[in-house]
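Spelled out, the chains give:
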Amino acid sequence: MSADLVEARPGVYHDSVSLMRVSAVLAGLPGIEVAVVAMATELNLGLAAGLGFALPEAGQGDLLVALRGAGPAELETARAELDRLLAGLAVRTAQGRDEERPARTVRSAALRGVGDGAATLALVSVPGPYAFAEAMDAIEAGLSVMIFSDNVPVEQEVLLKRRAAELGALVMGPDCGTAVIGGAGLGFANVLRPGPVGVVAASGTGAQQVTCLLDLAGVGVSHVLGVGGRDLSAEVAGLSTLRALAALDADPATELIVLVSKPPAPGTARAVRRAARELATPVVTALLGQGDDLTRAAEAVLRALGISVPEWPSWPAPASPPGTGTLRGVYSGGTLCAEAELVAGSGEFTDFGDDAYTRGRAHPMIDPSLRLDALARVPSGDVALLDVVLGHAADPDPAAGLAPGIAAAVARGVPVVVALVGSRDDPQGLTAQAEALRAAGASVFASNAHAAGHAASLLAGAR
């Protein structure tokens with residue numbers, strides 16, 4: 001019979017991304033069925049209660065630990081591992097002089113910087129309700145800011161971006177999952193070679209797809225400026241996109257710009273295209289729903305640079321019988337999901353990276369459990385299409401977690417197609433991941449558009 005370990009640790013704070021990874025490690029231990037390690041916000045307490053845990057007295061500044069395992073021995077092992085992981089995350093307060101003590105606010109930290117070592121960018125990764133205050137603090141201190149946090153109201157996003165424009169700063173986000181600044185990756189970031197292409201992206205996985213294809217073709221990037229998935233909406237009206245385009249246009253290391261977005265608002269798309277035409281630096285657009293797709297955009301970049309378009313890597317399954325039912329997209333990346341639906345033309349698609357699915361739990365690029373559950377429910381005869389995104393901060397071995405679910409789906413008559421987004425130098429190993437997914441029975445493509453086209457063809461061939 002299962003046993004629970006539930007406790008609140010007063011005054012212990014760590015950012016949500018770090019705690020998501022801790023939860024994922026604990027959930028992978030033998031005999032551990034459920035692991036929730038998160039700040040004791042109302043949302044996370046509700047999540048734990050919904051999982052059947054008896055809640056302790058806890059405030060929002062406390063750390064909530066809720067573990068369910070096969071028995072006391074397994075829970076004690078998990079507790080020891082938790083203590084080890086938290087010790088590694090702990091920020092040790094500097095001893096001695098006041099100036100050595102850690103700053104208590106973003107603004108005070110920024111004001112300490114002087115000379116060439118002064119900070120110019122702040123990364124905000126706190127629960128959505130607290131992101132606005134931290135981001136505004138950074139902007140008022142003269143910093144540009146990347147807001148990794150999601151679930152930030154759009155009205156707050158507009159206020160942040162307008163204030164940043166007044167002060168000459170750039171807001172990347174909210175819900176900005178990917179950026180590369182001068183070769184340094186932030187958030188979910190692939191290992192990319194340096195090069196002449198700058199990217200402005202209202203899409204994290206869209207930027208990853210384009211830059212990884214370019215990397216496979218031998219072309220590197222100068223910067224990847226994520227602006228948040230809502231930036232090209234009617235409400236936000238491209239405030240950060242326009243600033244990011246201007247910044248890359250002024251960058252001597254950037255010879256060509258790629259603009260990537262989820263389907264934008266028509267009026268915003270027109271305004272952004274008009275601004276792009278006025279730049280001195282040529283711009284290639286990949287605005288989904290406007291006749292663009294990510295693979296064609298990467299190919300257009302290569303042609304503009306005078307580089308031959310290669311045959312994009314693929315690893316076909318040994319046998320891929322046609323499906324007879326529905327194409328079911330089970331995605332972790334919102335833009336990849338939107339692109340696949342546009343390319344396939346029909347089917348049922350779910351973006352498990354949407355805010356509705358990430359409240360109180362790890363992003364599906366870290367934790368595959370929701371997608372595995374969805375894959376297990378795909379009926380025989382349907383075709384399953386999913387993405388696997390590599391790089392820093394993502395699952396260190398996604399194929400290991402997904403392979404059993406893929407093999408089970410194939411065994412019951414569900415053809416599985418995978419879009420594998422990654423560079424040759426990503427820590428997970430692009431080829432090793434592709435071969436492991438193929439060995440489980442999936443057909444694997446480096447191009448998401450090609451994966452979606454292949455998945456659709458499996459159904460078309462049966463009709």
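Quick caveat: nothing in here was measured; it's all calculated off a predicted structure. (Residues numbered from 1 in each chain as written. Predicted model: local features only at pLDDT ≥ 70, side-chain atom pairs only at ≥ 80, totals over all residues. Heavy atoms only, no water.)

Asks: Looking at this structure, I do not really get the pattern of salt bridges. What am I missing?
Replies: Side-chain pairing between opposite charges can occur once the charged atoms of the two side chains come close. Following the criterion strictly, the structure yields 17 salt bridges and no others. The shortest N-O distance in the salt bridge between E81 and R84 comes to 2.7 Å. Linking E81 with R84, this pair stays in helix α3 (residues 72–89), spanning three residues, or about one helical turn. Taking the relative accessible area as the measure of exposure, R84 reaches 52% and is therefore exposed. Close ionic contact of D382 with R328 constitutes a salt bridge, the shortest N to O distance being 2.5 Å. (Salt bridge = Lys/Arg side-chain N within 4 Å of Asp/Glu carboxyl O. Helix = DSSP H or I, 4+ residues; strand = E, 2+ residues; numbered from the N terminus. Buried < 20%, exposed > 50% of the residue type's maximum accessible area, 1.4 Å probe, protein only.)

Asks: Is there a simple way to think about the sheet that holds strand β17 (residues 416–421) in this case?
Replies: Backbone-to-backbone hydrogen bonds join strands into a sheet, with any given pair of strands oriented parallel or antiparallel. Reading across from one edge, β13-β18-β17-β16-β14-β15 is the order of the six strands in this open sheet, with mixed pairing throughout. Pairing within the sheet leaves two strands with one partner each, and these edge strands are β13 (314–315) and β15 (348–351). As paired elements, strand β16 (residues 383–389) and β17 share six bridges and run parallel to each other. Looking across to β17, one finds that D387 is bridged to A419. Sitting on the sheet, helix α11 (residues 334–344) is in contact with β14 (327–331), β15, β16 and β17, with an inclination near 170° to β15. Of the strands in this sheet, β14, β16, β17 and β18 (443–445) touch helix α16 (residues 448–460), which is tilted by about 175° from β17. (Pairing = 2+ DSSP bridges. Contact = heavy atoms within 4.5 Å. Axes fitted to C-alpha atoms, helices over the stretch in contact; angles between N-to-C directions.)

Asks: What should I look at first to understand empty space enclosed by the protein in this one?
Replies: Take a probe with the size of a water molecule and roll it over the atoms, and the empty space left behind shows itself. Enumeration over the complete set of coordinates arrives at one cavity of 30 Å³ or more. Taken as a whole, the largest cavity holds about 70 Å³ of empty space. In terms of lining residues, the largest cavity is bounded by S332, P364, M365, I366, P368, R371, D387, V388, V389, D395, P398 and L402. Elements that contribute at least two residues to the lining of the largest cavity include exactly β16 and α14 (398–411). (1 Å grid on protein atoms, 1.4 Å probe; cavity = no way out; pocket = protein on both sides within 12 Å on 5 of 7 lines; lining within 4 Å. Points joined across faces, edges and corners; volume = space filled by probe spheres on them.)

Asks: Would you take a moment to explain the confidence of the model for the chain for this structure?
Replies: Should the pLDDT be low somewhere, the predicted coordinates at that spot are not to be read in detail. Of all residues in the chain, 95% have pLDDT values of 70 or greater, and the mean over the chain is 91. With pLDDT under 50 throughout, residues 92–99 is counted as low confidence; its partners more than four residues away or in other chains account for ten contacts. (pLDDT = per-residue confidence, 0-100.)

Asks: Sorry, what's going on with the environment of A169 here?
Replies: Here A169 shows up in the loop between α6 (154–167) and β6 (171–172). Expressed as a C-alpha distance, the spacing of A169 and S240, which sit 71 residues apart in the sequence, is 9.5 Å.

Asks: Help me understand the packing of helix α5 (residues 128–140) against α6 in this model?
Replies: The axes of two packed helices give the description: the angle between them and the distance between them. Taken N-terminus to C-terminus, the directions of α5 and α6 make an angle of 5°; their axes are 10 Å apart at the nearest point. On the basis of the axis angle, α5 is roughly parallel to α6. From α5, F132, A135, M136, I139 and E140 reach across to α6, where they touch Q156, L159, L160, R163, A164 and L167. Taken together, the residues that form the contact of α5 with α6 break down as eight nonpolar, one polar and two charged. (Parallel < 35°, antiparallel > 145°, perpendicular 65-115°, else oblique. Nonpolar A, V, L, I, M, F, W, Y, C, P; charged D, E, K, R; others polar.)

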